[in-house]
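Descriptive analysis of the structure
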Amino acid sequence: MSYYFTILSPTDTPLFTHDFGTSRSSGDGLAHFTPSDRALAPFILHSALDIVEEVQWGPSSTAGSAPMYLKHIDKYANCYISCWVTGANVRFLLLTRPRDEVLGGGGAGGGLGGQRGSLAGGRLGGGGGGVYRPDAPATEEAVKNFFVDVYESWVKTVMNPFYNAGNGDVVRSPVFRARVAAAAKKYL
Amino acid sequence: MSNNAPQGGGLRYPSNKKTIYDRNLNRSKNAELSRAAFAYLFIEMINLAQKHAKDVGDLEKRLNNQGYPIGQRLLDLLLTRSANPLASIRPTRILTLLQFIAQTLYRHLFGRPADALERSNEDPAQYLLFDNEPIVNTYISLPREMSNLNCAAFVAGIIEGVCDHAGFATEGVTAHSVGNQDEGGKDAKGQAMWPGKTVFLIKFKKEVLEREEILGRG
């Protein structure tokens, strides 16, 4: 299962991108996008921004605050998109691409990984045909924990007086990238 | 300067290999700053602004600009430190946002909440936040030719930063002194009960009000 993670400023400028794969159940932590998929991923994420803007204000007539975690908001082909909005309206978008059983699993050694797929805990039924369900509570929980970790590192990045997200400064710190990768390995 | 950067690329690490990412966000949660230290810095900030400013309005604008990025950063930081961190919520309505400013932000900056919050009668887009005695003005005395200057423009900049980045774009947040007005019957003895009383006028943009109305209708 491959993931493509982007942080976008309130003016839709990408500030940070990172792609990785799942480290669970025989995943090797590397992304396995086909080149055409990999090129398409940023477009899919940007098209999901419209939905983010609609959903981020929360169900109307609530108490006046909305959660930061917007859960699963969009689906394109077989890619699922989840979102987290920070207090300053910076968006974290995560594109999840469950491995196609048909493809047989490009990287898992031994071929039997392809049948099971890599599920972040939300396993349904045995054998081939385990379907990835983005709104399973376990999956949502895993993605939420990932986002919470990245958010903490993000707040530390923003507190830098020389860093201005509004300007579209790209985050270049290798330490930040290492933190995101560590959170990904831990929860996804 | 003898450390090798562990990851190459010219990045240097301090000798205990700890980066800013290793510091806990809540570490300075209860930290306090001495008023004298702040006043010392603030006076220099005003001097810097005054050097390049042409008139009082420009000076207030420069102070406002100095406070703006602080507001941007405080918004995320205070939301992270909010009472129930797992809930992770952000304000989506104007009233919630203003209460966040009057209570949480003010308590963080000055140790006490703001004194009053009102909606202006003439202009529905305008909200008034009252502060009886802004701490930033403690050691400031104004010469006669600049008597309409209010250095709480710095705090107004902080508020503007918070509002803008929370998604509630403002036309501007300005600070006005209302200390010397007659209270009109409420306090017959002396007008100047709070001589330094300041009101922050927060004017939201039209789109914000439209959205507010749509959300309110549900």
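See above for the structure.
The sections below set out a description of the structure shown in this document. (Residues numbered from 1 in each chain as written. Chains lettered and ligands numbered in written order. Predicted model: local features only at pLDDT ≥ 70, side-chain atom pairs only at ≥ 80, totals over all residues. Heavy atoms only, no water.)

**Description of the overall build of chain B**
Note the threshold: A run of DSSP states H or I qualifies as a helix once it reaches four residues; a run of E qualifies as a strand once it reaches two. Both are numbered from the N-terminal end. Only protein chains enter the calculation, and the probe is 1.4 Å; a residue is then buried if its accessible area is under 20% of its type maximum, exposed if over 50%, and partly exposed in between. Throughout, a contact is declared for two residues whenever any of their heavy atoms are within 4.5 Å.
Each helix and strand in chain B was counted, giving five helices and five strands. Starting at the N terminus, the α and β elements of chain B follow one another as α-α-β-α-β-β-α-β-β-α. Looking at chain B as a whole, 41% of its 218 residues are labelled buried. Considering only contacts in chain B between residues 6 or more positions apart, those separated by 24 or more positions represent 64%.

**A short note on the state of the cysteines**
Residues and elements named next belong to chain A. Stated precisely, the cut-off is as follows: Whenever a pair of cysteine sulfur atoms sits within 2.5 Å, that pair is classed as a disulfide.
For the coordinates displayed, the defined rule picks out zero disulfides over all chains. Of the cysteine sulfurs around cysteine 83, a residue in no disulfide, the closest is that of cysteine 79, at 16 Å. Note on cysteine 83: relative accessible area 0%, which makes it buried.

**Considerations on the packing of helix 3 (residues 137-158) of chain A against helix 2 (residues 56-80) of chain B**
Rule in force here: All axes here are fitted lines through C-alpha atoms, helices being fitted over the stretch that makes contact, and every angle between N-to-C directions spans 0 to 180 degrees. Each angle gets one of four labels, with under 35 degrees taken as roughly parallel, over 145 as roughly antiparallel, 65 to 115 as roughly perpendicular, and the rest as oblique. Note on convention: near helix rotated counterclockwise from far helix by under a right angle means a left-handed crossing. Clockwise means right-handed. Nonpolar residues are Ala, Val, Leu, Ile, Met, Phe, Trp, Tyr, Cys and Pro. Charged residues are Asp, Glu, Lys and Arg, and all others, Gly as well, are polar.
For the pair helix 3 of chain A and helix 2 of chain B, interaxial distance at closest approach is 9 Å and the crossing angle is 150°. Classified by the interaxial angle, the pair formed by helix 3 of chain A and helix 2 of chain B is roughly antiparallel. In this structure, helix 3 of chain A meets helix 2 of chain B at a crossing whose hand is left-handed. Within the contact between the two elements, helix 3 of chain A uses A:Tyr151, A:Trp154, A:Val155 and A:Val158 and helix 2 of chain B uses B:Arg73, B:Asp76, B:Leu77, B:Leu79 and B:Thr80. Partitioned by chemical class, the residues of the contact of helix 3 of chain A with helix 2 of chain B number six nonpolar, one polar and two charged.

**Notes on the interface of chain A and chain B**
Using the following cut-off: When two components associate, each loses some accessible surface as probed by a 1.4 Å sphere; the sum of these losses over both components is called the buried area. The rule for a salt bridge is simple: a side-chain nitrogen of Lys or Arg has to be within 4 Å of a carboxyl oxygen of Asp or Glu. Contacts described as polar in this section are N or O atom pairs within 3.5 Å, which, within protein, must combine one atom able to donate a hydrogen with one able to accept it, while residues neighboring in sequence count only if both atoms come from side chains.
If you look at the interface, chain A gives 37 residues, while chain B gives 31 residues. Roughly 2900 Å² is buried in total at the junction of chain A and chain B, and carbon and sulfur atoms are behind 58% of that figure. There are one salt bridge connecting chain A and chain B. With its nearest N and O atoms 2.5 Å apart, the salt bridge here joins B:Asp22 to A:Arg179. In this structure, the connection of chain A to chain B is made through 13 residue pairs in polar contact (both at pLDDT 80 or more). For the side of chain A that touches chain B, the secondary structure elements donating two or more residues are strand 3 (65-67), strand 5 (79-85), helix 3 and helix 4 (174-187) of chain A. In terms of residue class, the side of chain A that touches chain B is built from 19 nonpolar, 14 polar and four charged.

Note that all results are geometric; they support no functional claim without further evidence.
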